[in-house]
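Breakdown of the fold
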Amino acid sequence: MATASITGNVVTLNAQGATPLTLGMSLQRHSYRHCATATVAAEVNSLLHAGIDDATVIAEAVEVGVQVEKLLAKADGSWKALFGKTLTVGSGRTYLVDNSALNPNGSPNHFFVTGGDGVWAKVSQADYVAARDVRRVEEAIDARRGRGDTYDYLNPKKLNEKRGEPGGQGNPVVAAVQAARVSIAAASADDTALIAASGRKDLVALIRNA
């Protein structure tokens, strides 16, 4: 039976059977919870919403793997039957199987979420970068709180006061908000999808109005 695990920011799916395959999905590219560490973005991306946790991702990867195994069995082990195949899991989310080099003659080694509930699909490069930077603000605040910092960074007035303090520009939260202001200004004017993906209407409003 198929197995899956997460190491770092990659989900690795191992499909068993006569033609074993290993498929990977980058969570930097396809999960809001993991996108903060991304350094580049593709022209078109997809993001699982913040509420989709790692356990769910692993379970759905296994579901994809089980379907891959069945398709391979029906095709007498020929992996060509998988290339470009969209598979639907129990949640209704869809995943596409392909080759990371987009080589139709290459063995499938890649899968990624493409749609369904809790998915921001067809995310433009600019919108992806904005989502990444919102997540970076979120992580910066969490890191400060983890160090015992109780400052109210979510209060726009307080944030501006912190920015104006000596050395305030070097505060990690202030710096993250400043970077996010630039990227969110270049993204879609409608924040509905960004708010849905991040679950952080407060942060998006803070960045827009900082």
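Below: a short report on this structure. (Residues numbered from 1 in each chain as written. Predicted model: local features only at pLDDT ≥ 70, side-chain atom pairs only at ≥ 80, totals over all residues. Heavy atoms only, no water.)

Quick look at empty space enclosed by the protein now. All told, the structure shown has 1 cavity of 30 Å³ or more when counted by the stated rule. Roughly 50 Å³ of volume is contained in the largest cavity. Looking at the largest cavity, the residues that line it are Trp-120, Asp-127, Ala-130, Ile-184, Ala-187, Ser-188, Asp-190, Asp-191, Leu-194 and Arg-208. Residue composition of the lining of the largest cavity, by class: 5 nonpolar, 1 polar and 4 charged. (1 Å grid on protein atoms, 1.4 Å probe; cavity = no way out; pocket = protein on both sides within 12 Å on 5 of 7 lines; lining within 4 Å. Points joined across faces, edges and corners; volume = space filled by probe spheres on them. Nonpolar A, V, L, I, M, F, W, Y, C, P; charged D, E, K, R; others polar.)

Below, the discussion takes up the packing of aromatic side chains. The final tally for this structure, using the stated rule, is 2 aromatic pairs. Their ring planes at 40° and their centres at 6.1 Å tell us that Tyr-95 and Phe-111 sit as a pair that is tilted. Taken together, the residues Tyr-95 in strand S6 (residues 94–98) and Phe-111 in strand S7 (residues 110–115) connect sequence positions 16 residues apart. Residue class for Tyr-95 comes out buried when judged on its relative accessible area of 1%. Positioned above the aromatic ring of Tyr-151 is the side chain of Lys-162, whose terminal nitrogen or guanidinium carbon lies 4.4 Å from the ring centre. (Phe/Tyr/Trp six-rings, centres within 6.5 Å; stacked < 30°, edge-to-face > 60°. Helix = DSSP H or I, 4+ residues; strand = E, 2+ residues; numbered from the N terminus. Buried < 20%, exposed > 50% of the residue type's maximum accessible area, 1.4 Å probe, protein only. Lys NZ or Arg CZ within 6 Å of the ring centre and 35° of its normal.)

Further remarks concern the nonpolar core. One recurring pattern in soluble globular proteins is that nonpolar side chains are buried together. Core analysis: the largest hydrophobic core is formed by 31 residues, its most contacted members being Trp-120, Tyr-128, Val-134, Val-137, Leu-159, Val-173 and Leu-194. Counting residues per element, the ones that place at least two in this core are strand S8 (119–124), helix H3 (125–146), helix H5 (172–185), helix H6 (192–198) and helix H7 (201–209). Looking at this core element by element, the count peaks at 7 residues for H3. The contact partners of Leu-194, leaving out residues within four places of it in the chain, are Trp-120, Ala-130, Ala-131, Val-134, Ile-184 and Val-204. Met-25, Leu-27, Val-64 and Val-113 belong to the second-largest nonpolar core, a separate cluster that totals 27 residues. (Core = buried A, V, L, I, M, F, W, Y, C linked by side-chain atoms within 4.5 Å. Contact = heavy atoms within 4.5 Å.)

In this sheet, S6 lies alongside strand S5 (residues 85–88) in antiparallel orientation, the contact comprising 4 bridges. Along S6, the bridge assignment pairs Leu-87 with Tyr-95. Linkage of S5 to S6, two consecutive antiparallel strands, is achieved through a turn of 5 residues, within which Gly-92 is found at a positive phi near 95°. (Pairing = 2+ DSSP bridges.)

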